[in-house]
Amino acid sequence: MSHVTQTSDASARNAASEVAVFAAAFALLVAAVLGALGLRTSGFTFSLAIRQLLPLVLLSFVAYLVLGFIVLIPGFRRRRARTGVQTQSRLAFAMTTVTLWAFLTVSFLPVKGSETFVRAGTLTTFQLNMLGLAGVFVIGLLAGWLVSFLLLRLLRALHGTMTAKTLRLLGFGLAGLAVIALFVGPTLRARGYSHLPLPDHGTWDERPRLALVGVDGCDWEMLGPLVEAGELPNFARLMERGSYGPLLSMDPMVSPRIWTTIATGEMPEEHGIVGFTNAAGVPVNARMRRSPALWEIVSAYGGVAAVNGWYVTWPTDDVRGYMVSDRVHSLLRGATQIWHSIEGEPTNERLARFGEFTFDSGYKRFPKSETAYQQNRIVDEPLRWGYLRDTIYGRLSHELLPRYEPDLALVYFRGVDFVQHFFWQYTDRAEFPGVTDEQAVEYGEVIANYYRYQDGLLGRLLDDLGDEVNILLVSDHGFTARIHLDPNMPELTGTHDRRGVIIAAGPDLRSLGFVEGATILDVAPTSLAVLGLPVTGTMDGRVLSELLEPEHLERHPTQIVEGYGAALGRSVETESGSSMDESIKEQLRSLGYIQ
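Residues numbered from 1 in each chain as written. Predicted model: local features only at pLDDT ≥ 70, side-chain atom pairs only at ≥ 80, totals over all residues. Heavy atoms only, no water.

**Things to note about the overall build of the protein chain**
Counting its secondary structure elements, the protein chain contains 21 helices and 15 strands. Of all 595 residues assigned to the protein chain, the portion counted as buried reaches 53%. Within the protein chain, contacts between residues separated by at least 24 positions form 76% of all contacts whose residues are at least 6 apart in sequence. (Helix = DSSP H or I, 4+ residues; strand = E, 2+ residues; numbered from the N terminus. Buried < 20%, exposed > 50% of the residue type's maximum accessible area, 1.4 Å probe, protein only. Contact = heavy atoms within 4.5 Å.)

Now the structure itself:
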């Protein structure tokens, strides 16, 4: 019995060492692959440098270590001795299967294509996603089994033809190759982006940095008085050290077309995004955009770009840096609300900070024509949706921007637009005399409180970026009262106004105070000029050179090139859609954006 126990203990120790070896090997392999290829899905793209990969190696090692022991625990408990090949085959099967399953699952979300099934009514979006997940799980298992089977045959062949010393040397050699790949892969990937020479042959370490911050619907009539009252300290500190004024938009003031114009510098008829949906009724996405955007241009020059939730960025482009699309919040919204509850303050309770109202989460039991339904609905959908969206992208920006230190960062916030559409009547009572005193008390501060919340998000963003980064804060339009209400949506009381907002501040931008004359077409060429990159002749705006320091213009004189489209090789899929399209259209209808 003693001999059996000693044999089992030795087997357990050997198995534990096998687990550690396999965990290290798989962690190195995954990190090396991600370093060489990046992590790319339809919803987000990460180009991983060494400083991002090294923590990933450690986390992956711990995860594989836990997985390995879980797989072998039954054998430890039964004190059963296993051969080295048996242990290795179990570990190879488990780790290969989980790795492939995780890769396929991440790549799968959110579902791409298959919109035909949803349109035909044969499958709902939920059913399509569940079938897709089941398919990914089965494929992962089959792929894991096949690869582990081949590994098992290889292990058996090696055990039969090589000595233990030779096997150890081979293992160390393969580990060395993985380490080399871990360090060389990101370097080769980074060089792959840089196929346009910098105009002054300098390096990105010597160049200015820029953050383009989009606040949808930010309006001077709301922003100005709050800044003057000292209630928006972070907007104020930008204005005090920079230039600010109106940013003229264009009709029709539809968010996808305007924000794409801001990102490309071209008219909607040129860049291809002209509304919320295309001619076929498919919600617009990045594959329909014909013109290169700022993040593509910066990546092509070898700079690091970071994009956080910018409008019309799904599916993501392959950038040097990272890109989180404008649909990721749909995947994280439920998880965020669960986390809020775990923290002890559910999302619905957090909404109370925006007004004096009492929110009834069961409001859908009321008829849609009743005031109780309408008032609770505008808290549930525009306010809650906007708050969660901005919370998610604000948090992602806070976590990711310091890790990447991008040359160009784009961050987009949506909530101000949402609340102004639906709560405007409670702020502008002169235009809406039907608002009661009680309603004015309950909802009258929602918009102002949301500006205060936005100011907090902006403050954290500015702290993360640091004073050495130039800031361009812009809105796609302003707001005003909607005089002619839609009888089907009488609660939609705010509408777009052509005067948006621009605030420019930073080491390469002048402090001029109030300025006029800027349009949304000028944002992209001015952004390139701040970065010291050439502006294209296809852009329809101008460089706002009056905002740039003379010393900056001397170091980086504005150059004009023919265009970037051919150099970047963009492909356009005008009819491409996704299984998320129906839910997106339903949300657009509920917000009054489409019929």
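**Here we look at the packing of helix 8 (residues 233–240) against helix 17 (residues 446–465)**
Helices that pack against each other are described as a pair by the angle of their axes relative to one another and the distance between those axes. Contact pair helix 8 / helix 17: the axes reach a minimum separation of 7 Å and the direction vectors enclose 55°. One element, helix 8, and the other, helix 17, form an angle in the oblique class. Seen from helix 8, the contacting residues are P233, N234, F235, R237 and L238; seen from helix 17, they are Y451, Q454, D455, G456, L458, G459, L462 and D463. A per-class count over the contact of helix 8 with helix 17 returns 6 nonpolar, 4 polar and 3 charged. (Axes fitted to C-alpha atoms, helices over the stretch in contact; angles between N-to-C directions. Parallel < 35°, antiparallel > 145°, perpendicular 65-115°, else oblique. Nonpolar A, V, L, I, M, F, W, Y, C, P; charged D, E, K, R; others polar.)

**Focus on the packing of helix 14 (residues 371–404) against helix 17**
Close contact between helix 14 and helix 17 brings their axes to 9 Å; oriented N to C, the two are set at 10°. By the angle between their axes, helix 14 is roughly parallel relative to helix 17. Between helix 14 and helix 17, the contacting residues are L383, G386, Y387, D390, T391, G394, R395, S397, H398, L401 and P402 on the first element and Y450, Y453, Q454, L457, R460, L461, D464 and L465 on the second.

**Remarks on the packing of aromatic side chains**
Per the stated rule, a full pass over the model turns up 24 aromatic pairs. With centroids separated by 5.2 Å and ring planes inclined at 85°, the aromatic side chains of W259 and W310 adopt a geometry described as edge-to-face. One end of the pair, W259, is in helix 9 (residues 255–264); the other, W310, is in the loop between strand 5 (305–308) and strand 6 (321–324), and 51 residues separate them in sequence. The class of W259 is buried, set by a relative accessible area of 0%. (Phe/Tyr/Trp six-rings, centres within 6.5 Å; stacked < 30°, edge-to-face > 60°.)

**Considerations on helix 7 (residues 220–228)**
Among all positions in helix 7, only W220, M222, L223, G224, L226 and V227 are buried. Positive phi shows up at G230, right after helix 7, with a value of about 75°.

**Considerations on the nonpolar core**
With 75 residues, the main nonpolar core has L223, F235, L383, F423, Y451, L473 and I503 as its most contacted residues. Here the element with the most residues in this core is helix 17; it accounts for 11 residues. When residues no more than four places from it in sequence are discounted, the contact partners of I503 are W220, L223, F235, L238, M239, S243, Y244, I471, L472 and L473. Formed by 61 residues, the second largest nonpolar core is a distinct cluster that contains L198, A293, A305 and A504. (Core = buried A, V, L, I, M, F, W, Y, C linked by side-chain atoms within 4.5 Å.)

**A short note on the environment of L247**
Of note, L247 is situated in strand 4 (residues 242–248). C-alpha of L247 to C-alpha of V501: the two residues are 254 residues apart in sequence and 4.9 Å apart in space. In this structure, L247 is in contact with V474, S475, R498, R499, G500, V501, I502, A518, T519, I520 and V523, ignoring residues within four places of it in sequence.

**Here we look at a nonpolar patch on the surface**
Nonpolar side chains collect at one region of the surface, where F93, W145, L146, V147, F149, L150, L151 and L154 lie side by side and expose about 710 Å² of accessible area between them. The element contributing the most residues to the nonpolar patch is helix 5 (residues 125–161), with 7 residues. Its location among the elements puts F149 in helix 5. (Patch = residues over 30% accessible without salt bridge, like charges linked within 9 Å, V, L, I, M, F, W, Y side chains within 5 Å. Areas by Shrake-Rupley, 256 points an atom, 1.4 Å probe, with all protein chains shown as cover. Salt bridge = Lys/Arg side-chain N within 4 Å of Asp/Glu carboxyl O.)

**Topic: the environment of Q559**
One can find Q559 in the loop between helix 19 (550–555) and strand 15 (560–561). For Q559, a relative accessible area of 36% translates into the label partly exposed. Through-space distance from the C-alpha of Q559 to that of P199 is 8.3 Å; in sequence the pair is 360 residues apart. Setting aside residues no more than four positions away along its own chain, Q559 makes contact with P199, P534 and V535.

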